[in-house]
Amino acid sequence: MCTRIFYETGTGAYITGRSMDWSDVEMATDLWAFPRGLERDGGTGADTVRWTSRYGSVVLAIYEMATSDGLNEAGLAGNLLYLAESDFGDPAARGKPTMSVGAWLQYILDSFSTVADAVAALRDDPFTVVSADAPNGRAATVHLALSDAGGDSAILEFVGGALQIHHDRSYRVMTNSPVYDQQLAINAYWNLIGGQHFLPGTIGAADRFARASYNLKSTPKFSDRRAALASVFSQMRAISTPLGIKDPDKPNIASTLWRSVIDHEAKRYMVDSVINPAVLWVDLDALDLSPGAPALKVHLNTPRDEGGNLADQLQAAEPFEFLVP
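All of the points below concern the structure found in this document. Keep in mind the model is a prediction, meaning the values are calculated, not measured.

What follows concerns the overall build of the chain. Within the chain, the secondary structure is distributed over six helices and 20 strands. Over its C-alpha trace the chain gives a radius of gyration of 18 Å, about what one expects of a compact globule, namely 20 Å for 325 residues. Its C-alpha atoms give the chain principal-axis dimensions of roughly 55 × 45 × 35 Å. Counting all 325 residues of the chain, 58% fall into the buried class. Sequence-distant contacts, at least 24 apart, represent 68% of the contacts inside the chain between residues at least 6 apart.

For Thr-44, the position within the fold is in the loop between β4 (39-41) and β5 (50-52). Residue class for Thr-44 comes out partly exposed when judged on its relative accessible area of 22%. Residues Thr-44 and Gly-89, spaced 45 residues apart in sequence, show a C-alpha to C-alpha distance of 15 Å. With near-sequence residues (within four places) excluded, Thr-44 lies in contact with Thr-98, Met-99, Ser-100, Val-130 and Pro-325. In this structure the side chain of Thr-44 is engaged in a polar contact, spanning 2.6 Å, whose partner is the side chain of Thr-98.

The strand order across the open sheet formed by seven strands is β14-β1-β2-β15-β16-β17-β19, and the pairing between neighbours is mixed. Among the strands making up the open sheet, the edge pair consists of β14 (173-174) and β19 (308-309). As judged from the seven bridges shared by strand β1 (residues 2-8) and strand β2 (residues 14-21), these two strands associate in the antiparallel manner. Bridge assignment links Ile-5 to a residue of β2, and that residue is Gly-17.

Inspection of the secondary structure assignment puts Thr-3 in strand β1. Residue class for Thr-3 comes out buried when judged on its relative accessible area of 0%. In contact with Thr-3, not counting residues within four places along its chain, are Gly-17, Arg-18, Ser-19, Leu-81, Met-174, Thr-175, Arg-208, Ala-212, Met-236 and Ile-239.

With that settled, the discussion passes to the sheet that holds strand β13 (residues 162-167). Paired through their backbone hydrogen bonds, the strands of a sheet run either parallel or antiparallel. Strand order in the open sheet made by the nine strands is β13-β12-β11-β8-β7-β6-β3-β18-β20, with antiparallel pairing throughout. Both edges of this open sheet fall to β13 and β20 (315-316), since each of them pairs with a single strand only. This element, helix α3 (residues 115-122), spans β11 (142-147), β12 (153-159) and β13 of the sheet and lies at about 150° to β13.

Moving on to the side chain of Ser-68. Along the polypeptide, Ser-68 turns up in strand β7 (residues 66-72). Judged by its relative accessible area of 2%, Ser-68 falls in the buried class. If we skip the residues at most four places from it in the chain, Ser-68 touches Arg-18, Met-20, Leu-60, Ile-62, Asn-79, Leu-80, Leu-105 and Trp-258.

To continue, consider the pairing of strand β16 (residues 268-273). Counting buried positions along β16 gives five out of six residues, so the element sits mostly inside the fold. Taken together, the six bridges between strand β15 (residues 256-263) and β16 define a ladder with antiparallel strand orientation. What sits directly across from Ser-260, in β16, is Val-271. In this structure, the hairpin formed by β15 and β16 is closed by a connection of four residues, where Lys-267 is found at a positive phi of approximately 55°. Bridge analysis of β16 against strand β17 (residues 278-283) gives six bridges, and the strand direction is antiparallel. Its bridge partner lying in β17, Asp-272 is registered against Val-279.

Counted according to the given criterion, the structure contains 14 aromatic pairs. Aromatic side chains Phe-34 and Phe-320 sit 6.1 Å apart centroid to centroid with 50° between the ring planes, which places their arrangement in the tilted category. A residue pair is termed long-range when its members are at least 10 positions apart, and Phe-34 in strand β3 (residues 29-34) and Phe-320 in the segment after β20 qualify at 286 residues. Exposure remark for Phe-34: the relative accessible area of 0% places this residue in the buried category. Between Tyr-107 and Phe-127, the aromatic rings sit 5.4 Å apart at their centres with planes inclined by 85°, giving edge-to-face as the arrangement. Within this pair, whereas Tyr-107 is found in helix α2 (residues 104-111), its partner Phe-127 is found in the loop between α3 and β10 (128-130), the two being separated by 20 residues in sequence.

What follows concerns α2. Counting buried positions along α2 gives eight out of eight residues, so the element sits mostly inside the fold. Residues Trp-104, Leu-105, Gln-106, Tyr-107, Ile-108, Leu-109, Asp-110 and Ser-111 constitute the buried set of α2.

Attention shifts here to unusual backbone geometry. Backbone phi values are negative for most residues with the exception of glycine, while trans is the configuration of most peptide bonds. Cis geometry is found at the peptide bond from Ser-177 to Pro-178, where omega equals 0°. The phi torsion at Tyr-63 lies on the positive side, around 55°, for a residue other than glycine. Structurally, the position occupied by Tyr-63 is in the loop between β6 (57-62) and β7. With a phi close to 55°, Lys-267 is a non-glycine residue in the positive phi region.

Each value, and the rule that gives it
Residues numbered from 1 in each chain as written. Predicted model: local features only at pLDDT ≥ 70, side-chain atom pairs only at ≥ 80, totals over all residues. Heavy atoms only, no water. Helix = DSSP H or I, 4+ residues; strand = E, 2+ residues; numbered from the N terminus. Rg over C-alpha atoms; globule rule 2.2 N^0.38 Å. Buried < 20%, exposed > 50% of the residue type's maximum accessible area, 1.4 Å probe, protein only. Contact = heavy atoms within 4.5 Å. Polar contact = N/O pair within 3.5 Å; in protein donor to acceptor, adjacent residues only side chain to side chain. Pairing = 2+ DSSP bridges. Axes fitted to C-alpha atoms, helices over the stretch in contact; angles between N-to-C directions. Phe/Tyr/Trp six-rings, centres within 6.5 Å; stacked < 30°, edge-to-face > 60°.

So this is what it looks like as structure tokens:
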């Protein structure tokens, strides 16, 4: 369904890039700005997780029911990607507080400033993520990548009903199936062959993982910020799937609909739409994310999405409700 990379610049700053691949071209996508101090809950009833947002964030929400990508004002970013093997476990059997899969990433962006802080809080698997079907009928089985301004990275997956966390600065690429430890093993094989000789070329997740890994390690660490951002955009475009390509039997093989590029140091969140080709951005430091400020929203792919800063297009709106299981 998607690809994520984590790039280090020549000045020691970091940029996260991801593509959103999905079989439903009409997938509604909105950009939201959420302030600090929002009272939240996981959307799963009496036993749901409840919290107050400590950090403001800018996110992309899909179907008006799930945070799929975003950056908070501390420089922590998260990317939600499809994983067919995800198994969140039976909520009744696990006996823990619950949270909608649509709230999982938002909870982390609201609550933590670094990857290390998030990993420390989640290491004991404190709640059960509850999944459901997306509006197109596909199961919302996902895993999560985290990255921060200091260069730390982690991959979170629910496998066999339990949370698995892969935490290491070297984990700079993520796609979809298989689970992450198997992806690392597959990529080790391609590292031995060497990408300058041969790389797998299909749009399957394991092949994209190998190509994205080779491109990332082979690309210079540009010190010029504009060149560094251009490098990440070019890598994400190179790994994207052309519009219209999909496999109805394999939801992790689908067209790229949009790409995000996150400048952690500048706290700039950028979106590159393939439906209405334009690079859009929002600077978090230019937004009012203080407690009591309104949540703000703009729908992507409107006629006004001609490219550039989206700040003046954001309008006050009530926060969306998370996907109900």
